[in-house]
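Overview (structure and organization)
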Amino acid sequence: MQVSLVHASKRFNKQKVLKDVSLEIGNNEIFGLIGPSGAGKTTLIRLIIGAIAADEGSVRVGNIAIPSLEALKVIGYMPQNDALYGDLSGAENLLFFGRMYGLGKAELRERVDTVLKLVELEDDCRRKVSEYSGGMKKRLSLAAAMLTEPGLLILDEPTVGIDPILRRKIWEQFRALRTQGKTIIITTHVMDEAGMCDRVALLYNGGIIACDRTDSLLERTKSRSLEDLFFESEVTGA
Amino acid sequence: MKTFNIVRRIAVQIFNDKRSLAMILIAPLFILTLIYLLLGNSDYKPTVAESGLPAQIVASLEADGLTVNSLPAEEAGEKLKNGKIDAFVYKDGNNLKLLFRTYDAVKTGLVQKSVVGAVQGLSSASPIDAEYLYGSSGDSLFDNLGYVMLGIVSFFIIFIIAGISFVRERTNQTMERLMMTPVRRWQVVLGYTLGFGFFAMLQSILLLSYGIWVLNMTVLGSAVTAGLIMLLLAMSAVCIGAFFSIFSNSEFQMMQFIPVIVIPQIFFSGLISLDTMPYHLGALSKIMPVYYACSALKTVMITGGGIAEICPDIAALLMFIVIFFFMNILALKKYRKL
């Protein structure tokens, strides 16, 4: 599912938090958004999802102009916080979100079983989420985002608090989704994770200061690693 | 379907959260019982003064446990004013007069009961007139004001639970996630209103049944109509609670609305006569849902009125629900433009 932003800007209280952002993200792509805190990553994500509307420019997901209720049917979203109902069990949380997307009973059951298996929570799915560890909540939140097999998956810091072995398995799943033609947008502070993305955009102060394949980006900026590039952008602002 | 899904989720959540369930169902019974005990009868034995009463009546009053002092009218009046005695009983022509300092459900009731009992034993029964130095007469306070408590308790608890629940949805970001699904804003608000409305209905049925059958609360009209009024009040509490949660960033901040939103409504619920309020403050009651609910409950429970008499109150409650329902739909724009 293609995502395109054309000269998109957003202001909050007269302060421009996104400045003239243009971006094309294609099918079969895992796209990373990196940048220091306050750079505008979350605002950019909220713009793509349609939680907020651009003051200038345009945003499209596939052929749909954003904001649109129609687009939300094909977008899976995982917020930075776990955003789960602690009083419900893991399975009840997934069933609830699945029903909000209008999934049928049999399909929903099947999808819930699949994503629970993927995040290795099958044995704990009957427990209340309030009893889960931080990592388990993160996994369930990820499962909720992947529940509907969305064409576009937007994940805000998806693997923070998840152990390396499971993280590797989740990344294998991301790659599998990519081969199915899905688009995945990930914000991350974990640089080795950003390195696994097909392309990354470096945001600073509301604007994209670099956007390319990871290796090309490093070559072009003469940085040794993404971490160096990230650090340099924070120090120099460019 | 999506609305029903939200209703079902709220039901499962509340059934899983035993404390909230107890808060909705058990806490009102506890508060109502406490009020019943506070305003109900006690084993208090009054002290009275008498002047010119037949010895037979005095003996009967003493036999009933009352302390009876024979005093001249002037001295008795002074003692009554100072609260040293509960009543002054005297003969005025053929009539028997009871003079109280003020109306007090317990003391007034006990003295009247004893005097009526004493007079009934006489061959020539005298008419009995009750007068008050201050205030007016009535039944027990619980009989008179129980309906007010029903309204206040119900509104208070639903307002807090619905408000805090919304605050939690926002702080946990579950509201953000919910709004990122293809659900319409009105479906979310309706789901919440009906979800909490279901528990409000359970609460209304339980509270009224307990009041009527366990605490012998007076209901001259239809208990079903009284239940309907309470349900509408509780629904307005859901909508108002959800609305004010927008201005709270934590559960504690939601609690801070109690003195602002809940307590003033107690004073305008009928507990204090609106006509006697200074500076026309009684007019403020017109913007308070508890006033309309208590006014309707009074009509149904105390004067035995029906739906026709309470139509304006019902209309006002519906208006509160509709206004805050739409304001909540608008408020959700904060999460999603559409």
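Residues take numbers from 1 onward in each chain, read along the sequence in its written order. Here every chain gets a letter starting at A, and every ligand a number starting at 1, in the order they are written. Only residues with pLDDT of 70 or above have their local features reported here, since the model is predicted, and side-chain atom pairs are shown and tallied only from 80 upward, although totals for entire chains, interfaces and linings are computed over all residues.

Structural notes on the overall build of chain A
- When its secondary structure is counted, chain A shows nine helices and ten strands.
- Restricting the calculation to C-alpha atoms gives the radius of gyration, and the globule rule supplies 2.2 Å times the number of residues raised to the power 0.38. Relative to the compact-globule value of 18 Å for 238 residues, chain A shows a C-alpha radius of gyration of 18 Å, a close match.
- The principal-axis extents of the C-alpha atoms in chain A amount to approximately 50 × 35 × 35 Å.
- For chain A, with 238 residues in total, the buried portion stands at 46%.
- We call two residues in contact if the C-beta atoms placed from their backbones are at most 7 Å apart. Within chain A, counting contacts between residues at least 6 apart in sequence, those at least 24 apart form 67% of the total. Helix numbering and strand numbering both begin at the N terminus, where a helix is a DSSP run of H or I of at least 4 residues and a strand a DSSP run of E of at least 2. Burial is judged by counting the other C-beta atoms within 10 Å of a residue's own C-beta: 20 or more makes it buried, 12 or fewer makes it exposed, and any count in between marks it as partly exposed, with every C-beta position built from the backbone.

A short note on the overall build of chain B
- When its secondary structure is counted, chain B shows 14 helices and five strands.
- Nonlocal contacts in chain B, meaning residues at least 24 apart in sequence, comprise 77% of its contacts between residues at least 6 apart.

Quick look at the sheet that holds strand β5 (residues 128–132) of chain B
Residues and elements named next belong to chain B.
- When DSSP finds at least two bridges between two strands, those strands are taken to pair. A sheet is described by the order of its strands in space; here five strands give the open sequence β2-β1-β3-β4-β5, paired in mixed fashion. The open sheet terminates on both sides in strands that have one partner only, identified here as β2 (67–70) and β5. Here the strands of the sheet are splayed against their neighbours by 25° on average, with no regard to which way each runs.
- Bridging between strand β1 (residues 47–51) and β2 involves four bridges; their strand directions are parallel. From the neighbouring strand, Ala49 faces β2, where its bridge partner is Asn69. To get an axis, fit a line to the C-alpha atoms, keeping to the stretch in contact for a helix; angles then go from 0 to 180 degrees between the N-to-C directions.

Quick notes on the nonpolar core
- By definition, a nonpolar core groups buried Ala, Val, Leu, Ile, Met, Phe, Trp, Tyr and Cys residues that are joined through C-beta atoms within 7 Å. Among the nonpolar cores identified, the biggest contains 146 residues, and Ala143 of chain A together with Ile158 and Val238 of chain B are the most heavily contacted of them.
- For this core, the element with the highest residue contribution is helix α7 (residues 141–171) of chain B, accounting for 19 residues.
- In contact with Ile158 of chain B, not counting residues within four places along its chain, are Phe196, Ala200, Ala234, Ala237, Val238 and Gly241 of chain B.
- Counting 20 residues, the second largest nonpolar core, distinct from the first, contains Leu53, Phe88, Leu99 and Ala118 of chain B.

Some details on the sheet that holds strand β3 (residues 29–34) of chain A
Residue and element names in this part refer to chain A.
- Taken together, six strands build an open sheet; the order of strands is β6-β7-β8-β3-β9-β10 and the sheet is mixed. The sheet terminates laterally at β6 (75–78) and β10 (207–213), the two strands that pair on one side only. The average angle at which neighbouring strand axes cross in this sheet is 15°, direction not considered.
- Of the pairings in the sheet, the one linking strand β7 (residues 152–156) to strand β8 (residues 183–187) comprises five bridges and is parallel in character. Along β8, the bridge assignment pairs Leu152 with Thr183.
- Sheet contacts for helix α1 (residues 41–49): β3, β6, β7, β8 and β9 (199–204); angle to β7, the most-contacted strand, approximately 155°.

Thoughts on the domain arrangement of chain B
- Where each domain starts and ends follows an automatic or database-derived domain assignment. Domains assigned within chain B are domain 1 (47–132) and domain 2 (141–334).
- Between domain 1 of chain B and domain 2 of chain B, the C-alpha centre-to-centre distance is 44 Å.

Concerning the packing of helix α12 (residues 258–271) of chain B against helix α13 (residues 289–301) of chain B
Residue and element names in this part refer to chain B.
- Orientation of α12 relative to α13, taken along the N-to-C sense of each, is 25°, at an axis distance of 8 Å. Our classification of the angle between α12 and α13 gives roughly parallel. Seen from above, α12 lies across α13 with right-handed handedness. Residue-level contacts link Gln265, Phe268, Ser269 and Gly270 of α12 to Val290, Tyr291, Cys294, Ser295 and Lys298 of α13.
- Note on residue categories: nonpolar means Ala, Val, Leu, Ile, Met, Phe, Trp, Tyr, Cys or Pro, charged means Asp, Glu, Lys or Arg, and polar means any other residue, Gly included. Taken together, the residues of the contact of α12 with α13 break down into four nonpolar, four polar and one charged. When describing relative orientation, an angle under 35 degrees is termed roughly parallel and one over 145 degrees roughly antiparallel, while 65 to 115 degrees is termed roughly perpendicular and anything else oblique. Note on convention: the crossing is left-handed when the near helix lies turned anticlockwise from the far helix by less than a right angle, right-handed when the turn is clockwise.

Remarks on the interface of chain B and chain A
- Contacts between the two partners involve 21 residues from chain B, matched on the other side by 25 residues from chain A.
- Sorting the residues of the side of chain B that touches chain A by element identifies α1 (2–16) and α8 (174–179) of chain B as the ones contributing at least two each.
- It is α1 of chain B that contributes the most residues to the side of chain B that touches chain A, six residues altogether.
- Its residues placed into classes, the side of chain B that touches chain A shows seven nonpolar, seven polar and seven charged.

Comments concerning unusual backbone geometry
Residues and elements named next belong to chain A.
- Of the consecutive residues Ile66 and Pro67, the connecting peptide bond is found in the cis state with omega at 5°.
- For Glu157, which is not glycine, the phi dihedral falls at a positive 50°.
- Relative to the helices and strands, Glu157 is located in the loop between β7 and α6 (164–179).
- Take Glu157: there are 19 C-beta atoms within 10 Å of it, and that puts it in the partly exposed class.
- The phi angle at Asn205 is positive, at roughly 55°, despite the residue not being glycine.
- Locating Asn205 in the fold gives a position in the loop between β9 and β10.
- A count of 17 C-beta atoms within 10 Å places Asn205 in the partly exposed class.

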